[in-house]
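Summary of the model geometry
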Amino acid sequence: MGSEPMEMRKRQMSVQQESAAGGTAPAQQGQPGQANPRGSNACCFCWCCCCSCSCVSPTIRNEDRDDRKRKASYDVKEGTADCEDCPKPTLEEVRSWGQSFDKLMCCPAGRNSFRQFLRTEFSEENMLFWLACEEFSKENNKSAIEEKARVIYEDYISILSPKEVSLDSRVREAINRNMQEPTSHTFDDAQLQIYTLMQRDSYPRYMNSPAYKNLLNTLSEQSPES
């Protein structure tokens, strides 16, 4: 029986020694003038990358969440978006595309083929914006104009959009002013600028691309004239 109190005292002394040794580090961290290796924002550098940490402001978290939603929406649209419904182009139509950019853009099949080429150059948003403006310019209902203008702005004008088109500052500032009371002509200048950009930049490359040449050769071989 006398050995039990002795064992109890030994265990208590052992626990006290471990507590004293373990309590030294926290005491040092709390001393004035010494840098806290983790600090109050330690979670910013933790491997868990938790976006709910208190050191991350609500604004940053909201922007990150909105950005993820926007990208997800963009992926869905691009993954499921179909080209315009149109019949297979004739040899004469395909040949006419090489005569002028206007003839290419006036032909639904030409726009589809050109759009697929733009996708390979990661500039499909230019055609999507132009098509959206074409549809928007035909709208007459005021409430529909306001809603569609907001969608076009968020999709193609906003600097936060992954589909933002390249516009100069003059056109962009004009759009920002006109968005207060949008009309069916709000994006006219921007549409023309993107049209000109595609004509000068992408159209010559499309004419020399395998996509256009292969289509032209295929239709030539199928033509009764050949």
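Residues numbered from 1 in each chain as written. Predicted model: local features only at pLDDT ≥ 70, side-chain atom pairs only at ≥ 80, totals over all residues. Heavy atoms only, no water.

Considerations on the overall build of the chain
- Secondary structure summary: the chain contains eleven helices and zero strands in total.
- Ordered by position from the N terminus, the helices and strands of the chain form the series α-α-α-α-α-α-α-α-α-α-α.
- Relative to its full complement of 226 residues, the chain shows a buried share of 30%.
- At a minimum sequence separation of 6, the contacts of the chain that also span at least 24 residues come to 60%. (Helix = DSSP H or I, 4+ residues; strand = E, 2+ residues; numbered from the N terminus. Buried < 20%, exposed > 50% of the residue type's maximum accessible area, 1.4 Å probe, protein only. Contact = heavy atoms within 4.5 Å.)

Considering the packing of aromatic side chains
- On inspection of all chains with the given rule, the structure shows eleven aromatic pairs.
- By the ring-pair criterion, three or more aromatic residues cluster together here, those being Phe 101, Phe 114, Phe 117, Trp 130, Tyr 195, Tyr 203, Tyr 206 and Tyr 212. (Phe/Tyr/Trp six-rings, centres within 6.5 Å; stacked < 30°, edge-to-face > 60°.)

Considering the pattern of salt bridges
- Taken as a whole and judged by the stated rule, the model has eight salt bridges.
- A salt bridge links Glu 147 to Arg 150; the shortest N-O distance between them is 2.4 Å. Placement of the pair is Glu 147 and Arg 150 together in helix H8 (residues 142–157), with a separation of three residues, close to one helical turn.
- Here the salt bridges share partners, and the residues they tie into one network are Arg 115, Arg 119 and Glu 124. (Salt bridge = Lys/Arg side-chain N within 4 Å of Asp/Glu carboxyl O.)

Examining the packing of helix H6 (residues 108–120) against helix H10 (residues 188–207)
- As a packed pair, H6 and H10 sit with axes 10 Å apart at the nearest point and diverge in direction by 90°. Compared by their axis directions, H6 and H10 come out roughly perpendicular. On the side of H6, the interface is formed by Ser 113, Phe 114, Phe 117 and Leu 118, while H10 contributes Met 198, Ser 202, Tyr 203, Arg 205 and Tyr 206.
- Among the residues forming the contact of H6 with H10, the class breakdown is six nonpolar, two polar and one charged. (Axes fitted to C-alpha atoms, helices over the stretch in contact; angles between N-to-C directions. Parallel < 35°, antiparallel > 145°, perpendicular 65-115°, else oblique. Nonpolar A, V, L, I, M, F, W, Y, C, P; charged D, E, K, R; others polar.)

Some words on the nonpolar core
- Counting residues in each nonpolar core, the largest one holds 38 residues, and the members touching the most others are Trp 97, Phe 114, Phe 129 and Phe 187.
- Put simply, the parts of the chain that give this core at least two residues each are helix H4 (91–97), helix H5 (101–106), H6, helix H7 (124–136), H8, helix H9 (169–178), H10 and helix H11 (210–222).
- Here the element with the most residues in this core is H7; it accounts for eight residues.
- Those residues within four positions of Phe 129 in sequence are excluded, and the remaining contacts are Ile 152, Tyr 156, Ile 157, Val 165, Phe 187, Ala 190, Gln 191 and Ile 194. (Core = buried A, V, L, I, M, F, W, Y, C linked by side-chain atoms within 4.5 Å.)

Observations regarding H6
- Helix length check: H6, at 13 residues, gives a terminal C-alpha distance of 19 Å against a target of 18 Å (1.5 Å per residue), a fit within 8%.
- Within H6, the full set of buried residues consists of Ala 109, Gly 110, Arg 111, Asn 112, Ser 113, Phe 114, Arg 115, Phe 117 and Leu 118.
- In this fold, the buried residues of H6 make contact with H4, H5, H7, H10 and H11.
- Phe 122 lies just past H6 and shows a positive phi near 60°. (Expected span 1.5 Å × (residues − 1).)

Side note on the environment of Tyr 156
- Inspection of the secondary structure puts Tyr 156 in helix H8.
- Expressed as a C-alpha distance, the spacing of Tyr 156 and Ser 166, which sit ten residues apart in the sequence, is 9.0 Å.
- If near-sequence neighbours (up to four positions away) are discounted, Tyr 156 is found in contact with Glu 125, Leu 128, Phe 129, Ala 132, Ser 161, Lys 163, Glu 164 and Val 165.

Observations concerning the side chain of Thr 186
- By secondary structure assignment, the location of Thr 186 is in the loop between H9 and H10.
- Polar side-chain contacts of Thr 186 include one of 2.8 Å to the backbone nitrogen of Thr 183.
- Not counting the four nearest positions on each side in its chain, Thr 186 is found in contact with Phe 136, Ile 175, Asn 178 and Met 179. (Polar contact = N/O pair within 3.5 Å; in protein donor to acceptor, adjacent residues only side chain to side chain.)

Regarding the confidence of the model for the chain
- On average, residues of the chain score 77 in pLDDT, and 62% of them are at 70 or above.
- Scored below 50 in pLDDT, residues 68–81 shows eleven contacts in the model against residues more than four places distant or in partner chains. (pLDDT = per-residue confidence, 0-100.)

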